[in-house]
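So you can see what is in the structure, the chains are spelled out below.
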Amino acid sequence: MSFVTHLECANCGRHYPAGQPHNLCTDCQRPLWVRYDLDRVREVFPREALANRPADLWRYRELLPYADPENVVSLGETMTPILLAQRLGAELGLDNLVFKDESRLPTGSFKARGMAMAITMANEFGIQRVACPTAGNAGGAMAAYASRAGMESYVFMPDDTPVINIKETHLAGASVIRVNGLINDCGRLVGEGCQSMGWFDLSTLKEPYRIEGKKTMGLELAEQLDWELPDIILYPTGGGTGLIGMWKAFTELEAIGWLPGGKRPRMISCQSDGCAPIATAFEAGEKHAPPFENAHTVASGLRVPVAVGDFMILDAVRESGGCAVTAPESCIEAWMKRLARLEGLAVCPETAICMGVLDQLLANGTIRTSDRVLVFNTGGAMKYPDLIEEPTRHHDLGLPPDWKTLSGG
Ligand SMILES: *Cc1c(COP(=O)(O)O)cnc(C)c1O
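**Q** So what about the overall build of the protein? Which residues, and what values?
**A** Helix and strand counts for the protein come out as 12 helices and 13 strands. For the protein, the C-alpha radius of gyration of 21 Å lies close to 22 Å, the compact-globule estimate for 409 residues. The C-alpha extent of the protein, read off along each of the three principal axes, is 70 × 50 × 45 Å. Relative to its full complement of 409 residues, the protein shows a buried share of 56%. A fraction of 70% describes how many contacts in the protein between residues 6 or more apart in sequence connect residues 24 or more apart. As displayed, the protein offers around 17100 Å² of accessible surface, 50% of which is attributable to carbon and sulfur atoms. Positive and negative side-chain charges in the protein, numbering 38 and 50 respectively, have mean positions lying 2 Å apart.

Okay, here's the thing in structure tokens:
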């Protein structure tokens, strides 16, 4: 059994019954929240219960939506480490700068959390065929979990999606359809195909359970930091599931009495200046984000010009006392290199954008040097070979080695 009581539209509040598949609210076409009987969870789930459970995201099962553990579809999702960045912290003047490294998850990004949960729920409902649009990592993750569950999968991707993402999705057995458009065009095709192809639409926030999977980032970091949340969380924002999910995690943890201090982080939503609908709407004080024209960024996970959960991202950011900020596209390669060389951390371009934002917020005093800052590395650098410079040295075996020229990186 689960502690889910019902689902609830994030916009109009309409209730829907648990135990059956849902997409958007049928009245207003907005996302649904999964609601739990938190009073009951509080009674039956003491924090100490975690001590004897495996180090994976299923350890929080009382706060997760599946009814039967038999239905879980898993590829061995580990708890991801939180790494202190001492050298970089010293350079930036920060006493406590940490990275939560999500690149260790199956398929190399945090998309695994959302897809593990969404495919588990699809499995529980007996769904056999799933589809989603993606501009980056979501397709590979969905395809892998779908194959693991014995389901068929269909993935629509913009033509200029990074080649590794296209190949990994194909390798995992999905039918991959490339499209001469953006992720929202791909999303429209997924929607249009539901009727004739009979697939279930797993697009970001168009089904309720990917948020529940990403929520585990918040539960996990709270536990890892001994229930003292950081002052600042920098999160690269595309569709926003991760940021929305973490904020939901903190709300639920507070409700079950696991955050005695009650202090929550300021959530910083980070976007590239090449695609910044949320940052633009935040600045303008808007509830919704108008479509961002001519979206382009090599941080493909951030190339989401229209987000169906825009108001949920903006609400979470505002409630937290945080902000939504852009960093220039031009900072990406330099930050990937700097983090790898200074800390051994191979970060994705999306995380490099967070670092550009951190620079600005330190410079303008929004973040103080005493703040405890946590940055999400949402995926690894290796999926973006085009952004990684190649070494120039080469040794010809016909010549004697010239040792003197070797040092210096
Ligand atoms: C999808 C993705 C993002 C954006 O995540 P959302 O939770 O959808 O905002 C950031 N980074 C990477 C590497 C991604 O794949």
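The rest of the description comes next.
**Q** Please set out helix α3 (residues 111-124) residue by residue, giving values where relevant.
**A** Three- or four-residue spacings in an α-helix give side chains the same orientation, since the helix completes a turn every 3.6 residues. For α3, spanning 14 residues, the distance from its first C-alpha to its last is 20 Å, which sits close to the expected 20 Å at 1.5 Å a residue. The buried count for α3 comes to 12 of 14 residues, which makes it a mostly enclosed element. Every buried residue of α3 is accounted for by K111, A112, R113, G114, M115, A116, M117, A118, I119, T120, M121 and A122. Residues of α3 that are buried sit in contact with β5 (96-101), β6 (129-133), α4 (138-148) and α7 (209-224). Downstream of α3 by a residue or two, G126 has a phi angle that is positive, lying close to 75°.

**Q** Provide a residue-level description of the layout of surface pockets, including the pertinent values.
**A** Space left empty within the atom packing is revealed by a probe, the size of a water molecule, rolled over the atoms. Taken as a whole, the largest pocket spans an internal volume of roughly 590 Å³. Lining of the largest pocket is provided by 38 residues; of these, I183, T204, G239, V304 and V306 occupy positions nearest its centre. It is helix α6 (residues 183-197) that contributes the most residues to the lining of the largest pocket, four residues altogether. Split into classes, the residues belonging to the lining of the largest pocket amount to 14 nonpolar, 17 polar and seven charged.

**Q** So what's going on with the packing of α3 against α7? Which residues, and what values?
**A** Geometrically, a packed helix pair is captured by the angle between its two axes and the distance between the axes. Put simply, α3 and α7 touch, their axes get as near as 7 Å, and they point 135° apart. Considered as vectors, α3 and α7 are oriented oblique to each other. Crossing of α3 over α7 shows right-handed handedness. Seen from α3, the contacting residues are K111, R113, G114, M115, M117, A118 and M121; seen from α7, they are Y209, R210, E212, G213, K214, T216, M217 and E220. When its residues are assigned to classes, the contact of α3 with α7 shows six nonpolar, three polar and six charged.

Calculation notes
- Residues numbered from 1 in each chain as written.
- Predicted model: local features only at pLDDT ≥ 70, side-chain atom pairs only at ≥ 80, totals over all residues.
- Heavy atoms only, no water.
- Helix = DSSP H or I, 4+ residues; strand = E, 2+ residues; numbered from the N terminus.
- Rg over C-alpha atoms; globule rule 2.2 N^0.38 Å.
- Buried < 20%, exposed > 50% of the residue type's maximum accessible area, 1.4 Å probe, protein only.
- Contact = heavy atoms within 4.5 Å.
- Areas by Shrake-Rupley, 256 points an atom, 1.4 Å probe, with all protein chains shown as cover.
- Lys, Arg positive; Asp, Glu negative; His and termini not counted.
- Charge placed at Lys NZ, Arg CZ, Asp CG, Glu CD.
- Expected span 1.5 Å × (residues − 1).
- 1 Å grid on protein atoms, 1.4 Å probe; cavity = no way out; pocket = protein on both sides within 12 Å on 5 of 7 lines; lining within 4 Å.
- Points joined across faces, edges and corners; volume = space filled by probe spheres on them.
- Nonpolar A, V, L, I, M, F, W, Y, C, P; charged D, E, K, R; others polar.
- Axes fitted to C-alpha atoms, helices over the stretch in contact; angles between N-to-C directions.
- Parallel < 35°, antiparallel > 145°, perpendicular 65-115°, else oblique.
- Left-handed = near helix turned anticlockwise from the far one by under 90°.

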